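Tertiary structure, described
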Amino acid sequence: MKILAIETSCDETGICVISKKDELLEVSGNALSSQIELHAKYGGVFPAMAKRAHAAKIIPLIIEALLQANLLAEELSSFGETYRTEIENLCTKETEMIEPLISFFNTYAKPDIAYIAVTIGPGLEPALWVGINTAKVLGKIWNIPIIPINHMEGHIITAALEKKNEQIYKINKLENTLSLLISGGHTELVLEETLLDYKKIGQTRDDAVGEAFDKVARMLDLAYPGGPKVSAYAQEFRDTHIKNPFTLPRPMMYSDDYDFSFSGIKTAALYLIRDLTNNKERELSHDEKIAIACAFEDAVIDVLKHKTKKAIEEYGVQNLIIGGGVAGNTRLRKLFTESFEPMGITLFFPEPWLATDNGIMIGVTAFYMVTAGKIKTSAPENLVADGNLSF
Ligand code: KG4
Ligand code: ZN
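The notes below deal with the structure included here.

1. Description of the sheet that holds strand β10 (residues 197-203)
With respect to topology, 5 strands assemble into an open sheet ordered β10-β9-β8-β11-β12, the strand pairing being mixed. The open sheet terminates on both sides in strands that have one partner only, identified here as β10 and β12 (346-348). Ignoring strand direction, the axes of neighbouring strands in this sheet form an average angle of 20 degrees. As judged from the 5 bridges shared by strand β8 (residues 177-182) and strand β11 (residues 319-323), these two strands associate in the parallel manner. When the bridges of β11 are listed, Leu 181 appears paired with Gly 323. Sitting on the sheet, helix α7 (residues 151-159) is in contact with β8, β9 (187-194), β10, β11 and β12, with an inclination near 120 degrees to β11.

2. A short note on the packing of helix α2 (residues 47-68) against helix α6 (residues 125-142)
Between α2 and α6, whose axes approach to 8 Å, the crossing angle comes to 35 degrees. In the crossing of α2 with α6, the sense of the turn from one axis to the other is right-handed. Of the residues in α6, those touching α2 at Pro 47, Lys 51, His 54, Ala 55, Ile 58, Ile 62 and Leu 66 are Pro 126, Ala 127, Val 130, Gly 131, Thr 134, Leu 138 and Trp 142. For the contact of α2 with α6, the class distribution of residues is 10 nonpolar, 3 polar and 1 charged.

3. Considering the coordination of the zinc ion (ligand 2)
Taken together, His 151 (NE2), His 155 (NE2) and Asp 357 (OD) make up the protein donors of the zinc ion (ligand 2), found 2.0 to 2.2 Å from the metal. Between consecutive donors of the zinc ion (ligand 2), the numbers of intervening residues give the motif H-x3-H-x201-D. On the criterion of sequence distance, the pair formed by His 151 in helix α7 and Asp 357 in the loop between α13 (352-355) and α14 (360-371) is long-range, its members being 206 residues apart.

4. Considerations on the packing of aromatic side chains
Tallying each qualifying case throughout the model produces 12 aromatic pairs. Each ring, one from Tyr 258 and one from Tyr 315, has its centre 6.0 Å from the other, and the planes form 50 degrees; the classification is tilted. One end of the pair, Tyr 258, is in the loop between α9 (227-240) and α10 (263-276); the other, Tyr 315, is in helix α11 (residues 286-315), and 57 residues separate them in sequence. Take Tyr 258: its relative accessible area is 7%, and that puts it in the buried class. Taken together, a centroid distance of 5.4 Å and an interplanar angle of 75 degrees make the contact between Phe 336 and Phe 340 edge-to-face. Of this pair, Phe 336 and Phe 340 are both found in helix α12 (residues 330-340), 4 residues apart, which corresponds to roughly one turn of the helix.

5. Some remarks on empty space enclosed by the protein
Using the criterion set out here, one finds 1 cavity of 30 Å³ or more in the structure. If you trace the largest cavity, you find it lined by Ile 156, Ile 157, Ala 160, Asn 172, Leu 174, Glu 192, Leu 196, Tyr 198, Ile 321 and Tyr 368. Class assignment for the residues of the lining of the largest cavity results in 8 nonpolar, 1 polar and 1 charged.

How each quantity is defined
Residues numbered from 1 in each chain as written. Chains lettered and ligands numbered in written order. Predicted model: local features only at pLDDT ≥ 70, side-chain atom pairs only at ≥ 80, totals over all residues. Heavy atoms only, no water. Pairing = 2+ DSSP bridges. Helix = DSSP H or I, 4+ residues; strand = E, 2+ residues; numbered from the N terminus. Axes fitted to C-alpha atoms, helices over the stretch in contact; angles between N-to-C directions. Contact = heavy atoms within 4.5 Å. Left-handed = near helix turned anticlockwise from the far one by under 90°. Nonpolar A, V, L, I, M, F, W, Y, C, P; charged D, E, K, R; others polar. Donors = N, O, S within 2.8 Å, 3.2 Å for Na, K, Ca; no water. Phe/Tyr/Trp six-rings, centres within 6.5 Å; stacked < 30°, edge-to-face > 60°. Buried < 20%, exposed > 50% of the residue type's maximum accessible area, 1.4 Å probe, protein only. 1 Å grid on protein atoms, 1.4 Å probe; cavity = no way out; pocket = protein on both sides within 12 Å on 5 of 7 lines; lining within 4 Å. Points joined across faces, edges and corners; volume = space filled by probe spheres on them.

Such coordinate-based values are descriptive only and should not be taken to indicate function.
Here it is, written out as structure tokens:
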């Protein structure tokens, strides 16, 4: 059983082929194109620009992933031409994809794929539609069922993968689990008491953690995406200093719920910088920058850890999954492990290269649903992008 998966929710175009290998899964094809350089120039992701970049890359990446998986045989025909009207009707908003799609169907035979999995949300809707319309075209023309996937569920399941080697993984089927999802667009705590049954118990009321990292990065003249760079600054400070002259607030840390707020920490960093530089009359020194990065990272991790601990205790969960781009943060990994392992909690972090968005997370989630007998396919005409899709 093979699954072709498509991810285009934000700024990474990810395509992969997942195959079943005994009871394990094999990543037999994986192609990823990042738009980071494009968005770095503007300090953030612009949906229309992201959409165009996805549309330009998606078909070459599908070819690349299918070739890696040995699933593409050249078979020159006018198969694509036959479906021209259908393709044109499905890609009215992505007209740049029409000719490459026709040429693709004219060049290659139908691959041996059982399902197509595609992210339907949450994310940037124009970007999501590129993946969804591609899945519709492939699904319709090849007559292959489509599995719609929630991007955040992808982060959860990917974090719990057990690596056998670079290609082979085992899915940990977990119950009694809490997931802390921390990315550029989301910060949420999700409970999974029974298999694949999720309940969101808390979320950010304003900025997502990754977004706050990116905004503070910009204040420190660091390029998008700033999370890893702010974290490297923070570590440089810890390695070279003993005491931080700055502290930043920890909003909502003791509130009686599982919600978060990060815009206050970010604003406090902004005011601190404004005071230090006398309203931009001078530049921040490098020492000040790394101290602010450290104060910011400490505050954020403190809040995340506190709320996670409260939820673990209240719900009595056994497993803790940390998913999403910020789960790649080294400091967070260290402090979470030190806090929760002694409580007898089993922690799951994604492989660093699978923490940020990719196609594998979508394929793996579909694979999990199929093998757990919980598969939900969707007719192509019913597939819709949902930017705010939630648990
Ligand atoms: O999950 P992801 O790739 O995309 C979204 O779905 O948002 O997460 C990207 C976010 C960015 O905001 C990036 O700055 C942040 O994750 N990030 C980090 C680290 N690596 C990525 N933040 C803090 N520390 C990191 N090491
Ligand atoms: Zn993500």
